[in-house]
Amino acid sequence: MRKIYLVGFMGCGKSAIGRRLSYFLRLPYYDMDHEIVRQQGMSIPEIFEVYGEAYFRALETEFLLNFRDEACIIATGGGVAMSEENRKIMRHSGLVLFLDATFEDIYVRIKNDKNRPIVQRSTKEELEQLYQTRRKFYRAANHIRVLTEGRSLRQIVEYIGFQVNRLKGE
Ligand code: S3P
């Protein structure tokens, strides 16, 4: 069976939805950022600070290439779908779901987050600009787009579970 990748901007709900989906579909769940932090023994802000963003991006691609070959749910980092290589790897090894949240919802969740270097170094306007630019790439990556506005976590998880089971039956 294939992997299920959750993509989308920071704060769109990838981790919260991934964890619940894991119970719903009875599949293991992994958070890419956590795996990278564990492998490197450094926090994300430390990796950015010491080695730079390009190094972190290379770690993300390495993770996608080498992560264990099992059916599972993976919450990706918000920048993962920007690379064409990453998009190809994900589309070939699994089902890619784009969690499409509004910038207003996202901003409330991320604005005070010290663990996200891109939030730390950007103004609200810059983040909104980045959000607009990145949506095209999430859409280029996704097999299924999931609109999250006005839906509870439970509704989103049930919707995804239904779509995944439908595709399995095809
Ligand atoms: C990033 C998003 C973060 C993390 C890093 C860079 C980005 O993940 O990978 O801070 O470029 O959008 P989340 O989307 O889980 O916050």
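In this text the structure is predicted, and so the values were computed from the model without any measurement.

Engineer: So what exactly am I meant to see when it comes to helix H5 (residues 84–93) here?
Structural biologist: Working note: α-helix, 3.6 residues per turn, so residues spaced by three or four point in the same direction. Of all the positions in H5, only Asn86, Arg87, Ile89 and Met90 are classed as buried. Each buried residue of H5 sits inside an arc of 165 degrees when the element is viewed along its axis, so together they form one side. For H5, the exposed residues lying more than 90 degrees away from the buried face are Glu84 and His92. Next to the buried residues of H5 lie strand E1 (3–7), helix H4 (53–66), strand E4 (94–100) and helix H8 (124–141). Where H5 starts, the residue carrying a side-chain oxygen 3.3 Å from the main-chain nitrogen of Glu85 turns out to be Ser83.

Engineer: Explain the packing of aromatic side chains to me, please; I cannot follow it from the model alone.
Structural biologist: Between two aromatic rings, the relevant description is the distance of the centres plus the angle of the planes. Counted according to the given criterion, the structure contains 8 aromatic pairs. Measuring from ring centre to ring centre gives 5.1 Å for Phe48 and Phe56, while their planes differ by 45 degrees; the resulting arrangement is tilted. Note on accessibility: Phe48 and Phe56 belong to one class, buried. With centroids separated by 4.6 Å and ring planes inclined at 20 degrees, the aromatic side chains of Phe63 and Phe67 adopt a geometry described as stacked. Neither residue differs from the other here; Phe63 and Phe67 are each classed as buried. By way of ring pairs, the aromatic residues Phe9, Phe103, Tyr107 and Tyr131 are connected into one cluster.

Engineer: Sorry, what's going on with the UniProt feature "binding site: ATP" (unreviewed entry) in the protein here?
Structural biologist: When the UniProt feature table is mapped to this numbering, "binding site: ATP" (unreviewed entry) covers Gly11, Cys12, Gly13, Lys14, Ser15, Ala16, Arg116 and Arg151. In sequence the annotated residues extend across 141 residues, and in space they extend as well, their farthest C-alpha pair lying 25.2 Å apart. Topologically, Ser15 is positioned in helix H1 (residues 14–25). Judged by relative accessible area, which is 25%, Ser15 ranks as partly exposed. Dropping the residues within four chain positions of it, Ser15 is found in contact with Tyr29, Asp31 and Ala75. Tracing the backbone shows Ala16 in helix H1. With relative accessibility at 24%, the residue Ala16 sits in the partly exposed group.

Engineer: Whenever I open this one, unusual backbone geometry confuses me. Can you help?
Structural biologist: Note: most peptide bonds trans; most residues except glycine with negative phi. At Arg26, a position not held by glycine, the phi torsion is positive, near 55 degrees. Of note, Arg26 is situated in the loop between H1 and strand E2 (29–31).

Conventions adopted
Residues numbered from 1 in each chain as written. Predicted model: local features only at pLDDT ≥ 70, side-chain atom pairs only at ≥ 80, totals over all residues. Heavy atoms only, no water. Buried < 20%, exposed > 50% of the residue type's maximum accessible area, 1.4 Å probe, protein only. Helix = DSSP H or I, 4+ residues; strand = E, 2+ residues; numbered from the N terminus. Arc of directions from axis to C-beta. Contact = heavy atoms within 4.5 Å. Polar contact = N/O pair within 3.5 Å; in protein donor to acceptor, adjacent residues only side chain to side chain. Phe/Tyr/Trp six-rings, centres within 6.5 Å; stacked < 30°, edge-to-face > 60°. UniProt positions renumbered as here; feature names shortened; annotations may be inferred.

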